[in-house]
Amino acid sequence: MAERFLILGRAGSGKTTFVLEKFYRYIKASATEKVIFLLPTHSQAEHLKDVIIRNGPVSGFVDNGIFTFSQLAREVLEHRLPGKVVSELEKESLLKSLLEENSPEFFKESWKYQGLRHALLRFFKELKEDSLYPSDFRARVDLFAGKGGLNAPAVKEKYQALADVYSGFQQALECERFCDEDDVLNAALRRLEGDGAVLRGKEMLLVDGFHSFTPVEFRVLKLLIQRIPNTYISLALDPKSSDSPIFQSCREVYEQLSMLGFKEVLLTGSGRFSSSKTLTHVEKHLFTKDSHAASAGINDDLEIMEAANLEDEVEQMARSIYRMTSEGLARFSDIGVILRDVTSHYELIEATFAKYGIPVRLYVKRPLIESPLVQTVITVAQIFTTHWKEDEHIRKVLKSPYTKSPCDGLGLPKQEIDQLEREALERGFMTGSESWMKLIQGGPWPGAKGFLEKLMELEKDLSKPKPASAFRRWFYLLIDECIILPGATDASNKDLVKKEAQALRTFLSVIDSLVRIMGDKSVTFSHFMEELCYAASSSSYALKDRRHDVVNVIDALEARQWELPVVFVGGLLERQFPRQVSENLFLKD
């Protein structure tokens, strides 16, 4: 008999545990291929797998039942995608080229700003999330105009320009046989709608961790519900208090799902907050206007720390964590730090926690351009685009610990570089590679001499315009012959090596993206470098961290399925937590 249940309850009431118990039955039977377990993000999916390994009925399982919508779309399409999936960087590069060649008059000046291009890409994404492709959007604009909705000339011009840019952007994607993640999900939706046999062999649909769905996601979800006999969907909602602002985001989803014939299971969580009456009291009075009632039940379970600034806040967290772990009150893995924007805190947290010897795992993407190794590679290349006339570039490269000596394959000796720099300063302004060649001849700096001679040899390959693929091969050669990871064999440097290795992988993938976008067209090295520097400054990378006994620093939205005995909540500032919602630039709410 088919089972369709909405699992409702407040945070901590056991919804994820309830859904996991259903999944455990298939793990024990080695039949996870019969389940679709949907989660909002990749990091939440990875965290749930870790929870299953640590707390589940077996020490391992075949990972073929847990999906995000993106991963499910690939499963539905049997990995036959509508094109090569491009990154956000490649999409912006395509859009920039499109606007540079043929920008509507409405965007004639503003298209040069990165913020405007990002807003346009968000606008396209929002349309695709509702399955509105260029022809559909233009039809809506024409319909709206026909009803008198675009009487103002400026408004009409704006929407016509948006329709033109959207159409040109989608044509550019398809012309190159590219697609984005929204195209993949829309293609999966079309296959599900057109082929009733897809996913018919699945027995169980589990959905956990969502508070809302895009229109395309909800259409996919409805098809899965119709096709898979047993469905359990969890929502953070208390029907008795559904008007509370706490449940505002889930209320609309609840109302839509309720019309599909679901039965309800309300989990009250009998042991919920059993060790902390304070949390029960805070939840009850979170939005009360009675300040006395809100604070009357607070005890030692909740400690409010006042900080003078961000540095002081992180310092207080570190001291508290150090005290608790030193006194045996908690392990590092018992502790979590929840922030609304980890990106603005991560460098400070890393430095401060390291000072106290606290191992920390940050769920954050780091700016690629901040990697010292990537900075060194880019600076080496900039020596050639500036024709050796920027002394600062050359001195910076020579002093970098990532620069490799051709003599022994190690870093350049510091004493040798200091002597060379003093000699260069005494001679004054260096006017090009010839000046540096005269300087290094016969001096006591064989490592620097060999390195600079290697650069001059590499420069010979950059004299003429070439396809981007030729410059990709050149960068691989540059990195192989001139760049080193210092201390790569030293165990104490393993975290730094891991970080820089991941940054280098991302940097090379950025070059690959440029090659795909630029195609076979010949360009100068200066033009390629201009695009590469822009792309690198817009890119980020993430580190994989498999350690267990660490303090986890998590974004608030990623923390929904975590259970931790000790939690620090930081960044409780106006307009940041909760974050102020900014109005859509093109589709005003």
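As shown above, the structure is provided for reference.
Here goes a summary of the coordinates provided. (Residues numbered from 1 in each chain as written. Predicted model: local features only at pLDDT ≥ 70, side-chain atom pairs only at ≥ 80, totals over all residues. Heavy atoms only, no water.)

1. Regarding the overall build of the chain
Okay, so step 1: Regarding its fold elements, the chain presents 22 helices and 16 strands.
Okay, so step 2: Considering only C-alpha atoms, the chain reaches an extent of 85 × 70 × 55 Å along its principal axes.
Okay, so step 3: Out of the 589 residues in the chain, the part that is buried amounts to 46%.
Okay, so step 4: Restricting to contacts in the chain with at least 6 residues of sequence separation, those with at least 24 account for 76%.
Okay, so step 5: Summed over all atoms, the accessible surface of the chain reaches about 30700 Å², with 51% contributed by carbon and sulfur. (Helix = DSSP H or I, 4+ residues; strand = E, 2+ residues; numbered from the N terminus. Buried < 20%, exposed > 50% of the residue type's maximum accessible area, 1.4 Å probe, protein only. Contact = heavy atoms within 4.5 Å. Areas by Shrake-Rupley, 256 points an atom, 1.4 Å probe, with all protein chains shown as cover.)

2. Observations regarding the pairing of strand 6 (residues 204-207)
Okay, so step 1: Neither face of strand 6 is left uncovered, since the one carrying Met 204 and Leu 206 and the one carrying Leu 205 and Val 207 both have all their residues buried.
Okay, so step 2: Bridge count for strand 2 (residues 35-38) against strand 6 is 4 bridges, and the pairing is parallel. Note that in strand 6 the partner of Ile 36 across the bridge is Leu 205.
Okay, so step 3: Sheet topology places strand 6 next to strand 7 (residues 230-236); 4 bridges connect them, and they run parallel. What sits directly across from Met 204, in strand 7, is Asn 230.
Okay, so step 4: As for the winding sense of the linkage, the β-α-β connection from strand 6 through helix 9 (residues 215-227) to strand 7 is right-handed. (Pairing = 2+ DSSP bridges. Right-handed = clockwise from strand over helix to strand, strands pointing away.)

3. Examining the pairing of strand 15 (residues 551-555)
Okay, so step 1: For strand 15, the buried fraction is high: 5 of the 5 residues fall into the buried class.
Okay, so step 2: Along strand 15, one buried face is formed by Val 551, Val 553 and Asp 555 and the opposite face, lined by Asn 552 and Ile 554, is buried too.
Okay, so step 3: Taken together, the 4 bridges between strand 9 (residues 335-339) and strand 15 define a ladder with parallel strand orientation. Residue Gly 336 lies in a different strand from strand 15, and its bridge partner there is Asn 552.

4. Some thoughts on unusual backbone geometry
Okay, so step 1: Here Ser 131, not a glycine, exhibits a phi torsion of approximately 60°, which is positive.
Okay, so step 2: Checked against the element boundaries, Ser 131 lands in the loop between helix 5 (114-128) and helix 6 (134-146).

5. Looking at a nonpolar patch on the surface
Okay, so step 1: A surface patch of nonpolar side chains, amounting to about 250 Å² of accessible area, comprises Val 567, Val 569 and Leu 572.
Okay, so step 2: Position of Val 569 relative to the elements: it lies in strand 16 (residues 566-569).
Okay, so step 3: Classification of Val 569 as partly exposed rests on a relative accessible area of 41%. (Patch = residues over 30% accessible without salt bridge, like charges linked within 9 Å, V, L, I, M, F, W, Y side chains within 5 Å. Salt bridge = Lys/Arg side-chain N within 4 Å of Asp/Glu carboxyl O.)

6. What about the state of the cysteines?
Okay, so step 1: Counted by the stated rule, this structure contains 0 disulfides.
Okay, so step 2: Between Cys 175, a cysteine without a disulfide, and Cys 179, which holds the nearest cysteine sulfur, the sulfur-to-sulfur distance is 14 Å.
Okay, so step 3: For Cys 175, a relative accessible area of 62% puts it in the exposed group. (Disulfide = S-S within 2.5 Å.)

7. Digging into the sheet that holds strand 3 (residues 66-67)
Okay, so step 1: Strands sit in the order 3-2-6-7-1-8 across an open sheet of 6 strands; the sheet is parallel. What marks the edges here is a single partner per strand, and that holds for strand 3 and strand 8 (263-267).
Okay, so step 2: As paired elements, strand 2 and strand 3 share 2 bridges and run parallel to each other. Counted as the bridge partner of Leu 38 is Phe 67 from strand 3.

8. Section: helix 19 (residues 446-459)
Okay, so step 1: Between its first and last C-alpha atoms helix 19 spans 20 Å; for 14 residues at 1.5 Å apiece the expected length is 20 Å, and the two agree.
Okay, so step 2: Looking at helix 19, one finds that the buried residues are Gly 447, Ala 448, Gly 450, Phe 451, Leu 452, Lys 454, Leu 455, Met 456 and Leu 458.
Okay, so step 3: Among the structural elements, helix 15 (372-385), helix 16 (391-399), helix 17 (414-427), helix 18 (433-440) and helix 20 (468-482) are those in contact with the buried residues of helix 19. (Expected span 1.5 Å × (residues − 1).)

9. Let's talk about empty space enclosed by the protein
Okay, so step 1: The final tally for this structure, using the stated rule, is 3 cavities of 30 Å³ or more.
Okay, so step 2: If you add up the space inside the largest cavity, you get close to 60 Å³.
Okay, so step 3: Here the lining of the largest cavity gets 3 residues from one element, more than from any other, and that element is helix 2 (residues 42-55).
Okay, so step 4: Across the lining of the largest cavity, the residue classes break down as 3 nonpolar, 3 polar and 1 charged. (1 Å grid on protein atoms, 1.4 Å probe; cavity = no way out; pocket = protein on both sides within 12 Å on 5 of 7 lines; lining within 4 Å. Points joined across faces, edges and corners; volume = space filled by probe spheres on them. Nonpolar A, V, L, I, M, F, W, Y, C, P; charged D, E, K, R; others polar.)

10. Comments concerning the sheet that holds strand 16
Okay, so step 1: Here 4 strands make up an open sheet; going across it, the order is 10-15-9-16 and the pairing parallel. Strands at the two margins of the open sheet, each flanked by one partner only, are strand 10 (360-362) and strand 16. The sheet shows a mean angle of 20° between the axes of neighbouring strands, taken without regard to direction.
Okay, so step 2: Relative to strand 16, strand 9 runs parallel, the two being bridged by 4 bridges. Bridge pairing links Gly 336 to Val 567 in strand 16. (Axes fitted to C-alpha atoms, helices over the stretch in contact; angles between N-to-C directions.)

11. Some words on the pattern of salt bridges
Okay, so step 1: Scanning the model with the defined rule gives 34 salt bridges in all.
Okay, so step 2: Here Lys 128 ties to Asp 180 by a salt bridge, and the two come within 2.9 Å at their closest N and O atoms. You can see Lys 128 sitting in helix 5 and its partner Asp 180 sitting in the loop between strand 5 (178-179) and helix 8 (181-194), a full 52 residues away along the chain. Residue Lys 128 shares its accessibility class with Asp 180, and that shared class is buried.
Okay, so step 3: Here Arg 395 makes a salt bridge to Glu 421, at a shortest N to O gap of 3.6 Å.

12. Focus: helix 17
Okay, so step 1: In this model, helix 17 (14 residues) spans 20 Å end to end at C-alpha, consistent with the 20 Å of a helix rising 1.5 Å per residue.
Okay, so step 2: The complete set of buried residues in helix 17 reads Glu 416, Ile 417, Leu 420, Glu 421 and Ala 424. One face of helix 17 carries all of its buried residues, which in axial projection span an arc of 135°. Opposite the buried face of helix 17, at more than 90 degrees from it, the exposed residues are Gln 415, Leu 425 and Glu 426.
Okay, so step 3: Residues of helix 17 that are buried sit in contact with helix 16, helix 18 and helix 19.
Okay, so step 4: Gly 428 sits one or two residues past helix 17 and shows a positive phi near 90°. (Arc of directions from axis to C-beta.)

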